[in-house]
Amino acid sequence: MPVNERIRAAREWIERAGSITVLTGAGVSAESGVPTFRGAEGLWKKHRPEDLATPEAFARNRALVWEWYRWRQELVSGTEPNAAHYALAAHAARGVAFTLITQNVDGHHERAGSRDVVELHGNLFRARCPGDGTLASLSAGPFTGIPVCPSCGGAMRPDIVWFGESLPEAALHRALLAAESAEVFVVVGTSAVVQPAASLPGIASSRGAKVIEVNLEETPVSEFADCVVRGTAAETLPRLFSMEEGSP
Ligand code: NAD
């Protein structure tokens with residue numbers, strides 16, 4: 001089926017659905033200029049993200065890990081949400097049951113106006129105290145030292161889920177409920193290999209949801225999705241979610 005027809009069919013499912021759940025990954029922010037981990041730009045001072053985003057790396061060298069996160073914050077601060085983020089925020093504002101789940105940590109969905117985003121992997125602009133759980137917002141800025149907990153004075157860590165760590169329970173619970181109850185589940189810009197987020201589209205599908213995938217490449221979701229759109233997020237989402245008159 002030609003891509004325009006596929007988009008039209010998917011858009012009809014979206015228009016008719018009583019509940020929609022969207023899962024986004026790094027690809028939704030790629031056109032904003034935020035590099036994906038698996039892209040060629042995923043190296044910083046020759047360190048692989050897998051060697052920095054771990055509890056062991058933090059135990060070994062807290063300053064190095066914070067320096068990397070400060071660099072990533074600065075990188076994101078120099079970018080803006082794109083048409084994909086805005087299309088999702090506009091759709092949620094229409095008042096249908098709508099849950100936006102993201103694996104991204106860049107905060108672009110909120111900046112585009114989405115509220116109540118389920119952040120599965122944390123946020124670059126927050127620090128957390130490993131001792132007492134205190135959260136603190138961080139504004140972007142160069143590395144000047146390890147943030148200190150305002151309550152206990154201990155060293156804080158980025159409020160990010162690292163490799164090998166479990167996801168925040170409340171966020172995971174909400175994500176599972178939203179996957180189970182969705183009539184339409186849209187997966188955008190994720191390689192769908194990082195668990196447990198990767199299993200959400202399958203859960204939705206097994207409960208009868210129509211699964212729509214928007215990605216430039218084939219992923220494990222492509223095999224069972226009801227509709228696959230090989231296109232970019234910023235070009236495709238405004239066409240899928242726009243309720244303006246006119247055909248896609
Ligand atoms: P990933 O890097 O594994 O995969 C990105 C996917 O997006 C790929 O499948 C790619 O084909 C697709 N893609 C790239 N450009 C696209 C575009 N313009 N439109 C549509 N699709 C596009 O990302 P992931 O699956 O999210 O997993 C990586 C992990 O790294 C996540 O857990 C996330 O927390 C973290 N991460 C976050 C950010 C961010 O916050 N922006 C950036 C890098 C990594």
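If you're wondering where the values come from, they're calculated on a predicted model, not measured in any experiment.

Rules used throughout
- Residues numbered from 1 in each chain as written.
- Predicted model: local features only at pLDDT ≥ 70, side-chain atom pairs only at ≥ 80, totals over all residues.
- Heavy atoms only, no water.
- Phe/Tyr/Trp six-rings, centres within 6.5 Å; stacked < 30°, edge-to-face > 60°.
- Helix = DSSP H or I, 4+ residues; strand = E, 2+ residues; numbered from the N terminus.
- Lys NZ or Arg CZ within 6 Å of the ring centre and 35° of its normal.
- Polar contact = N/O pair within 3.5 Å; in protein donor to acceptor, adjacent residues only side chain to side chain.
- Contact = heavy atoms within 4.5 Å.
- Core = buried A, V, L, I, M, F, W, Y, C linked by side-chain atoms within 4.5 Å.
- Buried < 20%, exposed > 50% of the residue type's maximum accessible area, 1.4 Å probe, protein only.
- Axes fitted to C-alpha atoms, helices over the stretch in contact; angles between N-to-C directions.
- Parallel < 35°, antiparallel > 145°, perpendicular 65-115°, else oblique.
- Left-handed = near helix turned anticlockwise from the far one by under 90°.
- Nonpolar A, V, L, I, M, F, W, Y, C, P; charged D, E, K, R; others polar.
- Pairing = 2+ DSSP bridges.
- Salt bridge = Lys/Arg side-chain N within 4 Å of Asp/Glu carboxyl O.

*Asks:* Quick rundown of the packing of aromatic side chains? Include the residues and the values.
*Replies:* The geometry of an aromatic ring pair is captured by the separation of the ring centres together with the interplanar angle, meaning the angle of the planes. A complete count under the given rule lists 3 aromatic pairs for this structure. For the ring pair F58 and W162, a centre distance of 5.2 Å and an interplane angle of 45° mean the geometry is tilted. Remark: W162 occurs in the loop between β6 (157-160) and α7 (169-181) and F58 occurs in helix α3 (residues 55-60); sequence separation between them is 104 residues. One cation-aromatic arrangement involves R72 over W68; the distance from NZ or CZ to the ring centre is 4.8 Å. The side chain of R157 reaches across the aromatic face of W162, ending 3.8 Å from its centre.

*Asks:* Describe the side chain of T236, naming the residues involved and giving the relevant values.
*Replies:* Along the chain, the position of T236 falls in helix α9 (residues 233-241). A polar contact is formed between the side chain of T236 and the backbone oxygen of T232, at a distance of 2.7 Å. Those residues in contact with T236, other than ones at most four positions away along the chain, are I7, V214, V229 and G231.

*Asks:* Got a sec to walk through the nonpolar core? Specific residues and values, please.
*Replies:* Among the nonpolar cores identified, the biggest contains 24 residues, and V22, L237, L240 and F241 are the most heavily contacted of them. When residues of this core are traced back to their parent elements, those giving at least two are α1 (3-16), β1 (19-24), α5 (83-92), β2 (97-102), β7 (184-188), β8 (210-214), β9 (227-229) and α9. Among the elements that make up this core, the one with the highest residue count is α9 (4 residues). Setting aside residues no more than four positions away along its own chain, F241 makes contact with I14, I20, V22, A87, L88, H91, F98 and V186. By size, the runner-up hydrophobic cluster in this structure holds 23 residues, among which are V118, V187, A192 and V228.

*Asks:* Which residues make up the packing of α5 against α9, and what are the values?
*Replies:* For any two helices packed against each other, the geometry comes down to the angle between their axes and how far apart the axes lie. With their axes 7 Å apart at the nearest point, α5 and α9 run at an angle of 20° to one another. Comparing their axes, α9 and α5 come out roughly parallel. When the axes of α5 and α9 are compared, the crossing they make is left-handed. In contact with A83, A84, A87, L88 and H91 of α5, α9 contributes A233, A234, L237, P238 and F241. Among the residues making up the contact of α5 with α9, the classes are represented as 9 nonpolar, 1 polar and no charged.

*Asks:* A description of the sheet that holds strand β3 (residues 118-119) should follow, citing residues and the corresponding values.
*Replies:* Ordered by their spatial adjacency, 6 strands build an open sheet running β3-β2-β1-β7-β8-β9, and the pairing between neighbours is parallel. Both edges of this open sheet fall to β3 and β9, since each of them pairs with a single strand only. In terms of strand pairing, β2 meets β3 through 2 bridges, oriented parallel. The partner of I101 across the bridge, within β3, is V118.

*Asks:* Break down the environment of W44 for me, with residues and values.
*Replies:* Tracing the backbone shows W44 in the loop between β1 and α2 (49-52). Beyond its immediate chain neighbours, meaning those up to four positions away, W44 contacts L52, L64, E67, W68 and W71.

*Asks:* Help me get a handle on the pattern of salt bridges, residues and values and all.
*Replies:* Tallied over the entire structure, the rule returns 11 salt bridges. Put simply, R174 and D116 hold a salt bridge, and the shortest N to O gap is 3.7 Å. With R174 in helix α7 and D116 in the loop between α6 (108-111) and β3, this pair connects stretches of sequence that are 58 residues apart. Note on R174: relative accessible area 34%, which makes it partly exposed. For the salt bridge of E165 with R157, the shortest nitrogen-to-oxygen distance reads 2.8 Å.

*Asks:* Help me get a handle on the sheet that holds strand β4 (residues 122-128), residues and values and all.
*Replies:* Pairing is antiparallel across the open sheet formed by 3 strands, whose spatial order is β5-β4-β6. Unpaired on one side and paired on the other, β5 (135-137) and β6 mark the two borders of the sheet. On average, each strand axis in the sheet is inclined to that of its neighbour by 50°, with strand direction left out of account. As defined by bridge partners, β4 adjoins β6 across 3 bridges and the pair is classed as antiparallel. Each residue of the ladder has a partner; that of A127, found in β6, is P158. Relative to the sheet, helix α4 (residues 62-77) contacts β4 and β6, its axis offset from that of β4 by approximately 135°.

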